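# Descriptive analysis of the structure
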Amino acid sequence: MNYCSACGHPVTLRIPEGDSRLRYVCEACQTIHYQNPNVVAGVLPTWGSQVLLCRRAIEPRRGFWTLPAGFMENGETLDQAARRETVEEACARVGATSLYQLFDLPHINQVHVFFRAELADLDFAVGVESLEVRLFEEHEIPWGELAFRTVTRTLECYYRDRIGAHYPIGHEYLPPMLVSPNT
């Protein structure tokens, strides 16, 4: 950040009085510019024993498979964001949602949150951010073609938890990977 979004003057990086972190501060209007993590909200949509996945039409990870998910917008709840992303990416509607997996990704300043939900019906289609959308049985999941580690971990947890039909809320820290961009 070079300039204040409130008044347009240059900002400096310093620790404001009463704070403990470096922040961009405008010396002209005294605005402190806080930078906070982005929240990604998504759904693990199921139909019986099948899971709905989308093949990404956009970067990052274009051509790889993912659960419908994306950045939360201002003014949305987590549930609303997850449902919106499911409509945008898969033209799909889901029933009641249950909070399922949370992932801390501080190395990219993100938190990923996934809900479990049954599809309301089989009326789904390719959305604007998808190349393909389809249902997969567990043995059909393209494990080597999944876009993000959070998607892989959510699916791994789902198939483990499905055995006992018990779905506890999971919370994991995922450290950076040095070799793969698959975050």
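Going by the annotation in an unreviewed UniProt entry, the name recorded for the protein chain is NUDIX hydrolase, with Pseudomonas juntendi given as the source organism.

### Some words on the packing of aromatic side chains
For the structure shown, the criterion picks out six aromatic pairs. On the numbers, 6.3 Å between centres and 70 degrees between planes, the contact of W143 with Y159 is edge-to-face. Here Y159 lies in helix 2 (residues 149–164) and W143 lies in the loop between strand 10 (130–136) and helix 2, a separation of 16 residues in the sequence. Residue W143 is classed as partly exposed on the basis of its relative accessible area of 36%. Look at Y159 and you get buried, because its relative accessible area is 5%. Pairwise contacts between aromatic rings join Y100, W143, Y158, Y159 and Y167 into one cluster. A cation over an aromatic ring shows up here: R61 above the ring of F64, its NZ or CZ 4.0 Å from the ring centre. Across from the ring centre of Y167, 3.8 Å away, lies the NZ or CZ of R116, which sits over that ring.

### Considerations on the UniProt feature "domain: Nudix hydrolase" (unreviewed entry) in the protein chain
The positions UniProt marks with the feature "domain: Nudix hydrolase" (unreviewed entry) are residues 34–159. Helix makes up 19% of residues 34–159 and strand makes up 40%, while its end C-alpha atoms are separated by 39 Å.

### Notes on the side chain of T154
Structurally, the position occupied by T154 is in helix 2. Relative accessible area serves as the criterion here: at 0%, T154 is assigned to the buried category. Leaving out residues up to four positions away in the same chain, T154 has contacts with L44, L67, Y100, Q101, F103 and F114.

### Some remarks on the pairing of strand 11 (residues 170–173)
Along strand 11, the buried face is formed by G170 and E172; none of H171 and Y173, which line the opposite face, is buried. Sheet topology places strand 8 (residues 94–105) next to strand 11; four bridges connect them, and they run parallel. Bridge pairing in strand 11 places L102 opposite H171.

Analysis parameters
Position labels on residues start from 1 in each chain and follow its written sequence. Per-residue local features of the predicted model are confined to residues with pLDDT of at least 70, and side-chain atom pairs are confined, for both listing and counting, to 80 or more; whole-chain, interface and lining totals are unaffected and use all residues. Excluded from the side-chain calculations are hydrogens and water; all other atoms, namely the structure's heavy atoms, are used. To pair, rings of Phe, Tyr and Trp, with the six-membered ring standing in for Trp, must have centres within 6.5 Å; the planes then decide the type, stacked if under 30 degrees apart, edge-to-face if over 60, and tilted in the middle. The secondary structure listing takes helices from DSSP runs of H or I that are at least 4 residues long and strands from runs of E that are at least 2 residues long, numbered from the N terminus. Each residue is assigned to one of three classes by its accessible area relative to the maximum for its type, calculated with a 1.4 Å probe on protein chains only: buried under 20%, partly exposed between the two thresholds, exposed over 50%. Consider the ring centre and the ring normal. A charge sits over the ring if Lys NZ or Arg CZ is within 6 Å of that centre and within 35 degrees of that normal. UniProt positions are given in the numbering used here, feature names are shortened, and annotations may be inferred rather than shown by experiment. The contact rule is simple, with two residues in contact once any of their heavy atoms fall within 4.5 Å. Criterion used throughout: strands pair if DSSP finds at least two bridges between them.

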